[in-house]
Amino acid sequence: MNKNILLCVSGGIAVYKAAALTSKLVQAGFQVKVIMTESATEFVTPLTFQALSRNPVFTDTFDEKEASVIAHIDLADWADLIVVAPATANIIGKLANGIVDDMLTTTIAATKAPVWIAPAMNVHMYENPAVKRNIEVLFKDGYRFVEPSEGYLACGYVGKGRLEEPETITSLVVDYFTVPFQPLKDLSILVTAGPTREKLDPVRFFSNSSSGKMGFAIAEQAAKLGAKVTLVTGPTHLTTTSNIKLERVESAEQMYQKVMDYFPGSDIVIKSAAVADYRPIQSANHKMKKQDGTLTIEFERTTDILKTLGSIKEDKLLVGFAAETDHIEEYAKKKLHAKNLDLVVANNVNQEGAGFQSDTNIVTIYGKDESIMELPMLSKQEVAQALLEKVEKLWREKQ
Ligand code: PMT
C-alpha cells in the first residue's frame with residue numbers, strides 16, 4: 001500500500017508491542033518510519049525498529065541525518081498518518097498542553113496528517129483525572145484514540161490500560177486507507193445509548209430495559225463511515241470497536257453533563273438513549289429498611305437533554321428518538337418540533353421486533369422538512385445504516 005505511516009513510540013513496557021506493530025504495518029505494505037522518545041530506547045533499542053522498518057530511527061531533534069532537510073518537518077510532511085503507540089501518560093500530557101521538547105512532540109506539532117493515539121499505562125494512571133482531562137482535550141483537538149484494551153497489565157494489575165494488539169491497530173490503519181466509502185469523514189458525531197439509572201438508595205434504582213443495541217449500532221456504523229464518534233452510554237454490557245470514544249455514565253444528570261461536554265465539538269448528535277424523565281427527589285446514602293404499609297416516593301423531572309440541545313443547536317444537526325406505544329406519528333412529530341430536531345426516529349415499542357432489547361427495530365423517520373421514511377423490520381445495524389444515509393444527505397444539503 002503506497003502510504004506512509006510514522007510510528008511514534010514513547011517509553012513504557014508496551015514498546016515491545018510497538019516493535020510487533022512496526023512489523024505488521026510493513027507486512028501490510030506500508031512504508032514505516034519510527035520516532036522514539038529517549039525513554040522508549042530504554043526498553044527496546046532503535047536498532048530493532050530500524051531492522052523491522054528498514055528505515056533509520058529518529059530519537060533526537062538535533063540529530064539531522066540529511067543536510068538537505070530538517071528532519072522533524074520532513075517527517076511531519078512525509079506522514080500520511082501518525083500513530084503514537086504506546087502513548088504514555090507523559091506524552092499525552094505534553095501533546096495536550098502543547099509542550100514541544102523532543103523529536104516526537106516537535107514532529108507532531110508540525111504535521112497536518114491525522115494523529116492516532118494508542119495509550120498504554122497502569123489502570124489507575126488511565127483513570128487519573130489529569131490523564132482523562134488531557135485525553136478529552138486531545139480528542140476535542142481532533143486526535144483520534146485507539147482505546148486500550150482490558151486485561152493483565154505488566155505492573156501486575158488487571159484492568160484497562162493494555163496497548164491494543166498490533167494486529168488490531170494494523171487492521172484499523174488498513175481500514176482507514178481502504179474502506180472506499182467514507183462519507184462521514186471529517187464529521188464529529190455524538191451518539192447516546194442505553195438506559196439511565198436513577199438511584200433511590202445504594203442498592204435500588206429506577207431504570208428501563210434499553211439494552212444499548214440501537215445506539216451502539218449507530219455509533220459503530222458512523223465510525224465505519226469515517227466519522228469521529230463519541231458514544232455516551234448508560235449502563236450496558238456492550239463494548240465497542242476501539243476507534244469510538246466511549247463514555248460510560250449512570251444517571252440522566254451524568255449523561256447531561258457528558259453530552260454538554262462533547263456538544264460544542266460535535267457536528268451531529270443522535271440521541272437514542274432512553275433517558276429517565278424523573279428521578280427520586282431523595283436518594284438515601286444507606287439501604288432503606290422495609291417497613292409495614294405502603295411507600296410513597298416523590299419524583300422530580302430530570303433535565304430534558306435533547307430539548308436543551310435543541311435550544312442551543314445553531315447549525316448542528318440534531319436527531320432524536322421517540323419511543324411510543326400509541327399515536328406514534330402525532331407524538332413523534334410533537335417531539336420533533338418541541339425539541340427543535342432535524343429528524344426524529346419513531347419506534348412503536350409495543351410492536352414485536354421493535355424497540356427495547358431486540359436485535360431488530362421497526363422505525364419511521366420524520367423530518368423537519370415534512371419527509372417521512374417508513375422502514376420495514378430491519379436489524380438495528382441496517383436501521384443505523386439507513387438513518388446515517390439520511391443524516392449524511394441532510395448534512396450535505398445544509399452545507
Ligand atoms: O437500547 P435498545 O434496547 O436497543 O432499545 C432502543 C430504544 C427503544 C431505546 C431506542 O430505539 C429509542 O426509542 N430510544 C429513545 C427512548 C426514549 O427515551 O424516548 P422518549 O420518547 O422518552 O424520548 C425522546 C427523546 O428525548 C429521545 O431521543 C431521548 O434520548 C431524549 N430525552 C428524553 C428524556 C430526557 N430527560 N432527555 C432526553 O434527551
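Rules and cut-offs
- Residues numbered from 1 in each chain as written.
- Predicted model: local features only at pLDDT ≥ 70, side-chain atom pairs only at ≥ 80, totals over all residues.
- Heavy atoms only, no water.
- Helix = DSSP H or I, 4+ residues; strand = E, 2+ residues; numbered from the N terminus.
- Buried < 20%, exposed > 50% of the residue type's maximum accessible area, 1.4 Å probe, protein only.
- Contact = heavy atoms within 4.5 Å.
- Areas by Shrake-Rupley, 256 points an atom, 1.4 Å probe, with all protein chains shown as cover.
- Near = heavy atom within 4 Å.
- Polar contact = N/O pair within 3.5 Å; in protein donor to acceptor, adjacent residues only side chain to side chain.
- Nonpolar A, V, L, I, M, F, W, Y, C, P; charged D, E, K, R; others polar.
- Expected span 1.5 Å × (residues − 1).
- Arc of directions from axis to C-beta.
- Salt bridge = Lys/Arg side-chain N within 4 Å of Asp/Glu carboxyl O.
- UniProt positions renumbered as here; feature names shortened; annotations may be inferred.
- Patch = residues over 30% accessible without salt bridge, like charges linked within 9 Å, V, L, I, M, F, W, Y side chains within 5 Å.

The chain carries the name Coenzyme A biosynthesis bifunctional protein CoaBC in an unreviewed UniProt entry, which gives Bacillus mesophilus as its organism.

Asks: It is not clear to me how the overall build of the chain should be interpreted in this structure. Could you clarify?
Replies: Assigned secondary structure in the chain consists of 14 helices and 22 strands. Within the span of the chain, comprising 399 residues, buried residues form 52% of the whole. Sequence separation of at least 24 residues holds for 66% of the intrachain contacts in the chain that already meet a minimum separation of 6. As displayed, the chain offers around 19100 Å² of accessible surface, 50% of which is attributable to carbon and sulfur atoms.

Asks: What is the right way to look at the site of the ligand in this model?
Replies: Within the structure, the ligand sits among 29 residues, and Ser210, Ser211, Ala273, Lys335 and Asn347 are positioned closest to it. At a separation of 2.9 Å, an oxygen atom of the ligand approaches a polar backbone atom of Met214. For the ligand, whose unbound accessible area comes to 780 Å², protein coverage reaches 96%. Of all the secondary-structure elements, those providing two or more residues to the shell around the ligand are helix 10 (213-224), helix 12 (305-311) and strand 17 (317-324). The leading source of residues in the shell around the ligand is strand 17, at 4 residues. Its residues assigned to classes, the shell around the ligand comprises 11 nonpolar, 11 polar and 7 charged.

Asks: So what exactly am I meant to see when it comes to helix 9 (residues 166-178) here?
Replies: Because an α-helix packs 3.6 residues into every turn, residues spaced three or four apart end up facing the same way. Counted at 1.5 Å a residue, the expected span for helix 9 with its 13 residues is 18 Å, and the 18 Å between its end C-alpha atoms agrees. When we look at burial in helix 9, the residues that qualify are Pro166, Ile169, Thr170, Leu172, Val173 and Tyr176. For helix 9, the buried positions fall inside an angular range of 160 degrees around the axis, keeping them on one side. In this fold, the buried residues of helix 9 make contact with strand 1 (4-9), helix 1 (15-27), strand 4 (81-87) and strand 5 (115-119).

Asks: Just to check I follow, could you spell out the pattern of salt bridges for this structure?
Replies: For side chains of opposite charge, pairing can occur when their charged atoms come near one another. Counted by the stated rule, this structure contains 21 salt bridges. In this structure, the salt-bridge partner of Lys160 is Glu147, at a minimum N-O distance of 2.8 Å. You can see Lys160 sitting in strand 8 (residues 158-162) and its partner Glu147 sitting in the loop between strand 6 (144-145) and strand 7 (149-152), a full 13 residues away along the chain. Owing to a relative accessible area of 10%, Glu147 belongs among the buried residues under this scheme. Several salt bridges converge on common partners, so that one network encompasses Glu136, Lys245, Glu247 and Lys258.

Asks: I'm lost on the UniProt feature "domain: Flavoprotein" (unreviewed entry) in the chain in this one. Help?
Replies: Feature annotation in UniProt places "domain: Flavoprotein" (unreviewed entry) on residues 3-175, given in this structure's numbering. End C-alpha to end C-alpha, residues 3-175 measures 13 Å, and it is 44% helix and 21% strand.

Asks: How do you make sense of a nonpolar patch on the surface when you look at a structure like this?
Replies: There is a patch of nonpolar side chains on the surface, built from Ile13, Tyr16 and Phe43 and spanning about 330 Å² of accessible area. One can find Phe43 in helix 2 (residues 40-43).

Asks: Please clarify how the UniProt feature "binding site: CTP" (unreviewed entry) in the chain should be interpreted in this entry.
Replies: Per the UniProt entry, the sites bearing "binding site: CTP" (unreviewed entry) are Asp277, Lys287, Phe321, Lys335 and Lys339 in this numbering. These residues run over 63 residues, and the two farthest C-alpha atoms among them are 37.4 Å apart, placing them at more than one spot. Looking at where Lys335 falls in the secondary structure, it is placed in helix 13 (residues 328-338). What makes Lys335 partly exposed here is its relative accessible area of 27%. Those residues in contact with Lys335 that lie beyond four places of it in its chain are Ala322, Ala323, Glu324, Asn340 and Leu341. Assignment of secondary structure puts Lys339 in the loop between helix 13 and strand 18 (343-348). Sequence-distant contacts of Lys339, that is, excluding residues within four places in its chain, are made with Asp304, Leu306, Lys307, Gly310 and Leu318.

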